[in-house]
Amino acid sequence: MPQWLQAGLWGLVAGGALVLGAGIAWLVNVPARVVAGIMAFGAGVLISALAFDLVDEAERTGGLGPTAIGFLAGAGTYVAADIVLARHGARHRKRSGDQQASESGVGGSGLAIAVGALLDGVPESVVLGLSLLNGEGVGVAFLAAVFISNLPEGLSSAAGMKRAGRGARYVFGVWGGIALASALAAVVGYVALRDASPVTVAVITAVAAGAVLAMIADTMIPEAFERTHAFTGLITSVGFLLAFAVDRLSG
């Protein structure tokens with residue numbers, strides 16, 4: 001199978017977790033604290049993958065300077081885009097409660113939430129595509145981290161969409177579209193950069209990593225803390241440690 005197609009399939013698998021989570025939220029009334037706990041765990045797993053897979057690899061291949069610049073650029077770009085989307089009703093797009101704006105309350109919020117979900121998912125998928133460039137197959141640790149974090153993200157956000165009065169067509173249209181966009185982003189990440197220099201790949205990887213970390217801090221951890229409070233730090237730490245242990249034992 002061509003590697004560009006592998007990249008697309010792995011991106012689709014990772015994005016498919018969002019659809020799976022949305023389906024669970026639509027059919028089952030999952031307790032908010034359970035969703036928050038999984039969100040905190042997923043945040044810890046992602047942070048571990050960022051630290052020991054993405055940023056570490058970027059620094060070793062591209063150097064500290066380019067990695068730092070790319071990382072800050074990614075975080076800054078994500079935050080700037082998130083601020084703009086928040087002004088149009090997407091501030092609470094990952095919340096499972098009544099915080100999400102309805103279309104009647106904030107005109108255009110439906111589109112803003114969809115764009116925000118795309119903003120959250122694309123950097124992760126680009127990295128999945130990049131992980132195939134070394135010829136050793138997809139980065140399993142990062143793929144698992146993205147899948148684990150996407151499941152509660154889709155679950156929580158879909159629950160909030162449902163509470164805001166959005167229909168099944170919108171909810172599954174958004175997450176199905178994000179899953180397809182994730183596949184496309186992974187393909188683009190592989191095809192566009194397969195002939196790039198190691199420094200360029202390192203910088204792009206760092207940009208994506210910075211965006212993902214900003215997303216975790218801005219959206220995942222606040223949603224988790226709202227329900228799990230003092231246990232958020234412990235659950236996140238367990239996720240981080242488990243991902244680190246799996247990475248070291250499989251290495």
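Residues numbered from 1 in each chain as written. Predicted model: local features only at pLDDT ≥ 70, side-chain atom pairs only at ≥ 80, totals over all residues. Heavy atoms only, no water.

A. Structural view of the side chain of Thr232. With respect to the secondary-structure elements, Thr232 resides in helix 8 (residues 232–250). With relative accessibility at 5%, the residue Thr232 sits in the buried group. Among the polar contacts made by the side chain of Thr232, one reaches the side chain of Thr228 at a distance of 2.5 Å. When near neighbours in sequence (up to four residues on either side) are disregarded, Thr232 contacts Ala40, Ala224 and Phe225. (Helix = DSSP H or I, 4+ residues; strand = E, 2+ residues; numbered from the N terminus. Buried < 20%, exposed > 50% of the residue type's maximum accessible area, 1.4 Å probe, protein only. Polar contact = N/O pair within 3.5 Å; in protein donor to acceptor, adjacent residues only side chain to side chain. Contact = heavy atoms within 4.5 Å.)

B. Quick look at the UniProt feature "transmembrane region" (unreviewed entry) in the protein chain. The sites that UniProt annotates as "transmembrane region" (unreviewed entry) are residues 6–27, 34–52, 64–85, 170–193, 199–217 and 229–246. As annotated, residues 34–52 comprises 100% helix and 0% strand, and the C-alpha atoms at either end are separated by 27 Å. Helix makes up 100% of residues 170–193 and strand makes up 0%, while its end C-alpha atoms are separated by 34 Å. (UniProt positions renumbered as here; feature names shortened; annotations may be inferred.)

C. The arrangement of the confidence of the model for the protein chain in detail. In this model, the protein chain carries a mean pLDDT of 82, and residues with pLDDT of at least 70 account for 85%. Within the protein chain, the lowest mean pLDDT, 71, falls on helix 4 (residues 109–130), and the highest, 89, falls on helix 1 (residues 3–27). Segment residues 101–110: pLDDT under 50, and 21 contacts once partners within four positions in sequence are set aside and those in other chains are kept. (pLDDT = per-residue confidence, 0-100.)

D. Expanded view of the packing of helix 2 (residues 32–62) against helix 7 (residues 198–228). It is at 9 Å that the axes of helix 2 and helix 7 come closest, and there the two elements cross at 160°. Considered as vectors, helix 2 and helix 7 are oriented roughly antiparallel to each other. Crossing hand, helix 2 versus helix 7: left-handed. The residue makeup of the contact of helix 2 with helix 7, split by class, is 22 nonpolar, six polar and three charged. (Axes fitted to C-alpha atoms, helices over the stretch in contact; angles between N-to-C directions. Parallel < 35°, antiparallel > 145°, perpendicular 65-115°, else oblique. Left-handed = near helix turned anticlockwise from the far one by under 90°. Nonpolar A, V, L, I, M, F, W, Y, C, P; charged D, E, K, R; others polar.)

E. Main features of the pattern of salt bridges. In the structure shown here, the tally under the stated rule is three salt bridges. Arg227 is the salt-bridge partner of Glu226, the closest N and O atoms lying 4.0 Å from each other. For Glu226, a relative accessible area of 28% puts it in the partly exposed group. In this structure Arg227 comes out as partly exposed when scored by relative accessible area, which is 28%. Each member of the salt-bridge network shares a partner with another, and the members are Asp56, Glu57 and Arg60. (Salt bridge = Lys/Arg side-chain N within 4 Å of Asp/Glu carboxyl O.)

F. Representation of the packing of aromatic side chains within the structure. According to the stated counting rule, one finds three aromatic pairs in the structure shown. Centre to centre, the rings of Trp26 and Phe172 are 6.0 Å apart; their planes meet at 70°, and the pair counts as edge-to-face. Taken together, the positions of Trp26 in helix 1 and Phe172 in helix 6 (residues 168–193) put the pair 146 residues apart, joining distant regions of the chain. Given a relative accessible area of 29%, Phe172 falls into the partly exposed group. Measuring from centroid to centroid gives 4.7 Å for Phe52 and Phe244, while their planes differ by 50°, and the two rings are tilted. Pair noted here: Phe52 is in helix 2 and Phe244 is in helix 8, with a separation of 192 residues, a long-range link. Phe52 sits in the partly exposed class, given a relative accessible area of 27%. Ring-pair connections join several aromatic residues into one group, and the members of that group are Phe52, Phe240 and Phe244. (Phe/Tyr/Trp six-rings, centres within 6.5 Å; stacked < 30°, edge-to-face > 60°.)

G. Broad picture of the nonpolar core. In terms of nonpolar packing, the biggest core is built from 27 residues, with Leu46, Leu50, Phe142, Met215, Ile216 and Met220 touching the most fellow members. Contributing elements (two or more residues each) for this core: helix 2, helix 3 (64–90), helix 4, helix 5 (140–163) and helix 7. Per element, the largest residue contribution to this core is nine residues, and it comes from helix 7. Counting twelve residues, the second largest nonpolar core, distinct from the first, contains Ala22, Val35, Val174 and Trp175. (Core = buried A, V, L, I, M, F, W, Y, C linked by side-chain atoms within 4.5 Å.)

H. Focus on unusual backbone geometry. Notably, His229 is not glycine yet its phi reads approximately 50°, a positive angle. On the secondary structure map, His229 appears in the loop between helix 7 and helix 8. The exposure class of His229 is partly exposed, given its relative accessible area of 45%.

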